[in-house]
Each structure stands twice: as structure tokens, then as C-alpha cells.
Amino acid sequence: MFEEILNNVATKMPLIHCITNYVTVNDCANILLACGGSPIMADDEQEAAEITSICDGLTINIGTLNSRTIHSMLKAGQRANQLGHPVVLDPVGAGASELRTQTTRRLLEQVRFSVIRGNSSEIKTVAQGSGFTKGVDAAAVDATTAQNFEQVAAYAKQLSQTTGAVIAITGAIDLIAASERVYMIRNGHPMMSKVSGTGCMLSAVIAAFVAANPTQPLDATAAAVCAMGLCGELAFQQIQAAGGGTASLRIALIDQMSRLDAATLNGGAKIEAR
Amino acid sequence: MFEEILNNVATKMPLIHCITNYVTVNDCANILLACGGSPIMADDEQEAAEITSICDGLTINIGTLNSRTIHSMLKAGQRANQLGHPVVLDPVGAGASELRTQTTRRLLEQVRFSVIRGNSSEIKTVAQGSGFTKGVDAAAVDATTAQNFEQVAAYAKQLSQTTGAVIAITGAIDLIAASERVYMIRNGHPMMSKVSGTGCMLSAVIAAFVAANPTQPLDATAAAVCAMGLCGELAFQQIQAAGGGTASLRIALIDQMSRLDAATLNGGAKIEAR
Amino acid sequence: MFEEILNNVATKMPLIHCITNYVTVNDCANILLACGGSPIMADDEQEAAEITSICDGLTINIGTLNSRTIHSMLKAGQRANQLGHPVVLDPVGAGASELRTQTTRRLLEQVRFSVIRGNSSEIKTVAQGSGFTKGVDAAAVDATTAQNFEQVAAYAKQLSQTTGAVIAITGAIDLIAASERVYMIRNGHPMMSKVSGTGCMLSAVIAAFVAANPTQPLDATAAAVCAMGLCGELAFQQIQAAGGGTASLRIALIDQMSRLDAATLNGGAKIEAR
């Protein structure tokens, strides 16, 4: 299923502009190189649009946003839209502060995103910022489970329709939705939650996969989500022999991404169309 | 001795707001997750107080301070005080520049700290900023040794009394002082000095341990200092088989923290009350 | 050849002020400690000159430059010049945006550099900023190969004369030039290009080696370039047993630097004077 998607990443070597947080930025840069893309991090207002114009895609992550970088996010996003580059939004902590919630709203108003990836709580804040009906709040606040999957899928498909973006709600079970189709993905390992930045890294990989597969944003996003989760599972297995630990998991996860091939991904992806 | 302290961290999973430097921030985030807490890094002035209000503790580290983030440190510190959250100060490089010395002074004037952790030179600068008598400068400038321990202990207890904070002077020998009691701790390995950020990481772990044990700031700080040092010792032993090196030590140290249990800590802590 | 140079680093333990990018800054700090130096990262305008005055050398890396840090680079650079400290320029992405190209130009106008290290494209932009003749553009745009080496060497020697700096053009083949002599260096492993920051790390190590060997900037730079490349080769061999991967390579590279001795460096350096 994912062979063509991975091959396109390897062939096109997408250059991804990352305006992201300073906590996980090094891991984002390294996982982009590992998956076959390459990163540029540039967040000054004077060059944000210019840098994005020479790239293939853009990822905007508000993890350590500040008044200076918010302007750069908007400028780069708008330039990427003009040039038809895919833009990924990672609304880290949206809902946790007025600044993050307002910034998410401004980004959604001024930039068209190809993919929006976050946890249940962050996507709920995104939905509210899209003027979404109050009725789905109950479905949106809980983590996605096998039991509530259909309910969350309906809400995610509607949000995808409203925003024009693929909606990726990640957690123990990942839900990836476009207006016409939804995937349930069960890759990953619980220890990944003890590694800072697995979500940030995933958003960067999504940007690379979508930039290399611009006509298949939903499947490219699904491929990226499966890849990260599978790399986490393989990493966990790999580190057990030496005792293991959360820092070794982080190193092994990036290692696994640098060695991932289509056969392994297709063999290990736990994905169903729903 | 430390079983209850560690159990509280595991049970409460304290959320720690870190306004810290961009050199070691990723390791601080990962060691917080490893020890049982979790991190939020947020340094914009508009959200610093708001983010701190949803956390359990705050750590302020001036390692790469700038005029923008200094305001955020003050605002977050004051909100944490209002809410009764413990605040840890790591006055990195205090004394090395006017900016760092003045900022340390402003922080001490406007924020009540639960713990102040630094090396001999930084703590001396803190003492001077507290209007401390000149007479102890001689004792304060040298590293803590077995020979001068009593002298440094007396000065540290006085500084604790003046600031209301637990004073942690870390080095080859660590001295942890409150007005009523002092601990000498001898955990650690010399190779840790070749890893950037072991001090920054320790301050983050202290914040988590104190946030989970708010009525025992001295013992919680001592537990954190023993834990970091012991994890360094275990990490050093672990990496020798494969040849070793300073980057492997850093990874192994965080791994060891993610696997640390009370029995190991109690068995390996080299601590005496003095 | 390099024994004296390495010994000087070990003996003098140069303190290097790094005004660098937030993507690779942790690796830069750790590789400085690994090679025998130590790092201070400080980029606020109020303290940049003051911090540089207590250091032995300065490295300026424009990787994530912003309007605030540019001022700090200029101030620190000028203070370093006044004090006779070596200054290394890493013009990351010069040519990719107006901001980077203009900033590189301003830096070259206001600061005297001891070493300028970059890839072919960045050094070309440096040359243009030095008012260099148009005639060498053809030679400057391509990567250095065995076939065009003499041509690039001539241009690099001229640029060294114009700037007063050792010129280090790094790639699969590295070319290190001063006005009187040129070295060709063939150390390194292709996988290093999949690790973010190997160039940034190299610039930091160059600063340490030159600070410890101020009368031999060309040979010190050559030693640093050989060392980084050789550590990459040794790291690649080291990680193969366990499956390998790009994150493991990064860790092993820093490990190898922390264990590097003169005998290994002299034995493994692939360097010829040309």
C-alpha cells in the first residue's frame, strides 16, 4: 500500500521548512533526514517567506511560540499557499493558553493547511476555532477508543471538510480523516509517550511524505503515522536486549526510520480503512 | 529513606513548567519524562503566568537568558508564588556577566524560591545578591571539599535562612542545606562534567521531586541530587562494555533515570546528614 | 603531525563562546566538551561582548539567525577582535535568503575572522560579499572534486588573502586554504550527511583547536577537519554491529571525539598538502 509513497520520498528528497519549537527541533531535523527528506529551520520574519519559497513543504509547530515567530509562521504559511506547497499544522498546547488558542485561530484564518495533526484536546481547540458546532464537544474531548471511533470519525470528517485539511488525531489509536475516508491506525508503543517530541517529529515526517506525494495527502499522512508508530515498536524491541530506557528509545526510533523500507512498512502497518 | 519521595513522583506525575535555556532544553524535557514528571516549555510573556498556573511546579534557568525571556521568568515566578507552586532557580553563569548577575538579583527580589541549585561560584553570586556579609566570600569561592565542608555548610544554612530556599551547591561533593539541616552527597561520576546540561537536568528533576513532595523540599532535593548522581554512576558502568563515550553517557543517564526504583536509589545513595 | 595541536587543546581547555543556531546547539556544546574544550552559549546583546571577553575563542553560526542575535554576533565579534581571540564564521545558508547573505556581508565587513568554514555554495556567497571577481564563479559553484581541486584551491587561497581567514570548504573532499598553503582532506563517511549539524559541530571544534593553537590556524583547522571526519568513519564502523542508524551515528561520533588521541588521529588522517 505504501510502496509508491515511500519511493516518492526517497526520489524527491523533499526539503521541508520547519518553524517549530526549540525543545524538539534537533530531533525533527534528524528524523527528516532519516526519512529521506531534509530540513531548514528559519524563523526570522525577514526571511520566513523567502526560505519557504525554496522548499517543498512547510511545517508550523507552535510548541514554543513567541510574538516574533508567530509573524513568521503567518508569512511563511501564506507564501506556501501561494506556491502550492503543502503546509502541516501542529497546534501544540492549543487550549492550554489564550496565546496558543488565539494563534491557532489566526493560523486557521490566514493559512490553508494540508494536514492538521494533534491530540484529541488540541484538535478540539482547532475545531472550536473553525466555528464548529458545540454539539460535538463531548465526542471531541475524549481520547479515541474502539468504542467511540465512529463518533470521532464523523466529527473529524466534518472538520476536514470545514478546513480542507487532512485531520490526524493521534494517540494510542490514531484516527486520520479526510472528507471521504477515515483510517484507524494502531501502530506505536506506550513508551513513546515518555520521549519528548514524538508528535513534533511525526508532524515533520508528515510534511515530507505529503510534499513528496502532493496528490495523496490522506494516504501520505497515513503512511507517515504508520511509519512513526512502527519505528517506535521496532525501536522498543531493539533496545530491550541492552536494558532499554527512554533515551535509547528515542535514538533507536530515529535509527529505525533511517533504515525503514517499504516491505517493512507494509508488513508492520496496523491500518484499516473505516 | 527515599521510597515515599519517589512514590509520590510516580503517583502525582508532576507537570513542570520550564523556562530554561535552548542548549539543554531537550535533555531537560526528556529527563522530566524519565523521572515520572512531564514538561511544558513556554517562555512568551503573554502566556508564561497562564501556563504556570496549570502546572505543579516551575523551574527557572537563566542559561541563555534574553531581555524577552527575563520578563517571562518574573511573571511566571510571581504567579507560581501566588498559587503556592514550588519554584526552582538555576542561576547559570551568575557572576559571569552583569546581565546574569542583575537578573539573578531581580529574580531573588521578586520571586520566592523553594530551591536554588548551582555551583560554588553561582551560589556565591546568589549570596552577594542577597546582601550577604562579605566575610563568607572566602568559604564561598572554593569548591566544597571534605576539609571545608563545615564552613560551607554554615554559610549555606545562613543563605537558606535569608532566602527561604533549600540551597543546593553541586560539584564533586554536593551540599544540600536548609536552615535546620545539611546533607553531604557523594554520588556522581567525573565524566558527567563532560556532558552539557547535567546541572540543568538536575534542576528540572528537583522541581519534579519537590512538586510531588511539597512538605519535604529538603529531602526531595536530596533525593533528586542522589538520583542524578547515581544514574550517572550506573550509566558509566553500563557504557563501558561498548567502549563508552560522553554522548553514550548522556543517553545512558536518562535511560537509568527512566528505570530507577526506590530500592536502587536507597541502595546506591551516598548521603549523610551533617 | 597533529600531536602538538591536540595536546594544546587538552592542556589549555579552551572556553568557546558560541552564538549559534538552536537546532544543533546541544550537539555543538557536547562535541566541544568531548574534544577537550568547553562551551558558553550566550546571545543577548547586553552580554555578548562581556561573555566573549572571558572566553578563549568565538564561533558565529547564522543557522537560525534573527534580528536580535545578529546584533550580538557583531558585538561579540568586534570584542573578540579587540582581545585577539580567534573568531570562526559558519555562514549557514548564506545565499539562500537576502537576510543570510546580507548578514554574512555585514559580518565580513565588521569582524575579522580567523577561519571561515562552509560548503561550496556558502563560501561562494562569502566570496561575492568580499567583492570577489566574477571570473571565479564557475569554479566556486561546484563541489570540490579531484578534477577541479587546483581551480578551487586557487580561488580559496585568493579568498584567504582577501579576508585574512583560513578558508575551509567542506564536502566529500575538504579543501582548507591559507594564502601560502592548501590541504586536501578526505576523511569522513557519507552517512554523516544524514546527521543534522555535523558542519555546525565542526565549526565549534575548529574554534577550540584554533583557540588552543593561535599561531597555527591553518594546521589547527586541518586537524579539526580530519578529526571530525575520522570520528565519523570510526563511528560508522562502531555502529554496524548493532544494526546502525543515523541517530546512533551522531551519538557514536561524539563518543569517538571524546576518546580521540593523537596516535589515532595521525594514523587515520587522510590529508595531503597541495
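Check the entry above for the structure.
Residues numbered from 1 in each chain as written. Chains lettered and ligands numbered in written order. Predicted model: local features only at pLDDT ≥ 70, side-chain atom pairs only at ≥ 80, totals over all residues. Heavy atoms only, no water.

Scanning chain A from N- to C-terminus turns up 12 helices and nine strands. Rg of the C-alpha trace for chain A: 17 Å, near the compact-globule value of 19 Å for 274 residues, within the 12% margin. Viewed in the frame of its principal axes, chain A has a C-alpha envelope of about 45 × 45 × 35 Å. For chain A, the residues scored as buried account for 63% of the 274 residues in total. (Helix = DSSP H or I, 4+ residues; strand = E, 2+ residues; numbered from the N terminus. Rg over C-alpha atoms; globule rule 2.2 N^0.38 Å. Buried < 20%, exposed > 50% of the residue type's maximum accessible area, 1.4 Å probe, protein only.)

So, about the environment of T246(C). Looking at the element boundaries, T246(C) is found in helix α11 (residues 246–259). Between the C-alpha atoms of T246(C) and F236(C), which are 10 residues apart in sequence, the distance is 9.3 Å. When sequence neighbours within four positions are dropped, the list of residues in contact with T246(C) reads A34(A), I254(A), D255(A), S258(A), M191(C), K194(C) and V195(C). (Contact = heavy atoms within 4.5 Å.)

What follows deals with the interface of chain B and chain A. If you look at the interface, chain B gives 25 residues, while chain A gives 26 residues. A combined buried area of about 2,100 Å² lies between chain B and chain A, and 49% of that area is made up of carbon and sulfur atoms. Taken as a group, N26(B), L33(B) and E47(B) account for 21% of the area that chain B buries against chain A, more than any other trio of residues on that side. Remark: the boundary between chain B and chain A carries one salt bridge. Among the ionic pairs, R100(A) bridges to E47(B), the shortest N-O distance being 2.8 Å. Linking chain B with chain A are 12 residue pairs in polar contact (both at pLDDT 80 or more). (Buried area = accessible area lost by both parts, 1.4 Å probe. Salt bridge = Lys/Arg side-chain N within 4 Å of Asp/Glu carboxyl O. Polar contact = N/O pair within 3.5 Å; in protein donor to acceptor, adjacent residues only side chain to side chain.)

Every contact between the two is made by 25 residues of chain A and, on the other side, 26 residues of chain C. Roughly 2,100 Å² is buried in total at the junction of chain A and chain C, and carbon and sulfur atoms are behind 49% of that figure. Among the residues chain A hides against chain C, the three largest losses belong to N26(A), L33(A) and E47(A). Together they make up 22% of the total. Counting every contact that joins chain A to chain C gives 12 residue pairs in polar contact (both at pLDDT 80 or more). When residues of the side of chain A that touches chain C are traced back to their parent elements, those giving at least two are α2 (25–35), α3 (48–53) and α11 (246–259) of chain A. Broken down by class, the residue content of the side of chain A that touches chain C amounts to 11 nonpolar, five polar and nine charged. (Nonpolar A, V, L, I, M, F, W, Y, C, P; charged D, E, K, R; others polar.)

Attention now goes to the environment of N148(A). Residue and element names in this part refer to chain A. You can see N148 is positioned in the loop between α7 (137–141) and α8 (149–163). Placed 91 residues apart in sequence, N148 and G57 show a C-alpha to C-alpha distance of 33 Å. Once you skip the residues sitting within four places of it in the chain, N148 turns out to touch D142 and A143. A distance of 2.7 Å separates a polar atom in the side chain of N148 from the backbone nitrogen of T145.

Attention shifts here to the relation of the copies chain A and chain C. When chain A is fitted to chain C, the best match, at an RMSD of 0.0 Å, comes from turning it 120 degrees and sliding it 0.0 Å along the axis. Such a turn and shift between the copies fits a three-fold axis. No C-alpha of chain A approaches the rotation axis more nearly than that of Y22(A), which lies at 3.7 Å. When the interface residues of chain A are mapped onto chain C, a mere 16% of them again fall at the interface, so the copies present different faces. (Least-squares fit on C-alpha atoms with pLDDT ≥ 70 in both.)

So, about the relation of the copies chain B and chain A. Each copy superposes on the other: chain B lies on chain A with an RMSD of 0.0 Å after a rotation of 120 degrees and an axial shift of 0.0 Å. Here only 16% of the contact residues of chain B are again contact residues in chain A; the copies associate through non-equivalent surfaces.

Moving on, we come to the pairing of strand β8 (residues 182–185) of chain A. All names here are of chain A. Where burial is concerned, the two faces of β8 agree: the one with V182 and M184 and the one with Y183 and I185 are both buried. Pairing of strand β7 (residues 174–177) with β8 involves four bridges; the strand directions are antiparallel. Across the sheet, the residue bridging to I176 is Y183, located in β8. The hairpin turn running from β7 into β8, its antiparallel successor, is four residues long. Where β8 and strand β9 (residues 271–273) come together, three bridges link them in antiparallel fashion. If you follow M184 over to β9, its bridge partner there is E272. (Pairing = 2+ DSSP bridges.)

So, about the pattern of salt bridges. Residue and element names in this part refer to chain A. Applying the stated criterion to the full structure yields 27 salt bridges over all chains. For R250, the salt bridge is made with D27, and the minimal N-O distance between the two is 2.9 Å. Of the two residues, R250 sits in helix α11 while D27 sits in helix α2, which places them 223 residues apart along the sequence. Assigned by exposure class, R250 and D27 land together as buried. Between K75 and E45 there is a salt bridge, and its shortest N-O distance comes to 3.3 Å. Taken together, the residues span a long stretch of sequence, with K75 in helix α4 (residues 67–83) and E45 in the loop between β2 (38–41) and α3 at a distance of 30 residues. Under the relative-accessibility criterion, E45 is labelled partly exposed at 31%. A network of salt bridges, in which partner residues are shared, links E150, E272 and R274.

Moving on to the nonpolar core. Judged by nonpolar contacts, the single largest core of 185 residues is most densely connected at F209(A), M257(A), F209(B), M257(B), F209(C) and M257(C). Once residues within four sequence positions are removed from consideration, M257(C) is found in contact with I31(C), A34(C), C35(C), V205(C), A227(C), M228(C) and C231(C). (Core = buried A, V, L, I, M, F, W, Y, C linked by side-chain atoms within 4.5 Å.)

Another point: the sheet that holds strand β4 (residues 87–90) of chain C. The strands making up a sheet are joined through hydrogen bonds of the backbone, oriented either antiparallel or parallel. Residue and element names in this part refer to chain C. With respect to topology, nine strands assemble into an open sheet ordered β2-β1-β3-β4-β5-β6-β7-β8-β9, the strand pairing being mixed. Unpaired on one side and paired on the other, β2 (38–41) and β9 (271–273) mark the two borders of the sheet. Between one strand and the next, the sheet's axes are offset by a mean angle of 20 degrees, whatever the strand orientation. Bridge count for strand β6 (residues 166–169) against strand β7 (residues 174–177) is three bridges, and the pairing is antiparallel. Bridged to I167 within β7 is A177. Along the sheet face, helix α4 (residues 67–83) touches β1 (15–19), β3 (57–61) and β4 and points at about 150 degrees away from the line of β3. (Axes fitted to C-alpha atoms, helices over the stretch in contact; angles between N-to-C directions.)

Relative to the assigned elements, T198(A) resides in helix α9 (residues 198–212). With residues near it in sequence (within four places) discarded, T198(A) still touches M192(A), M228(A) and L253(A).

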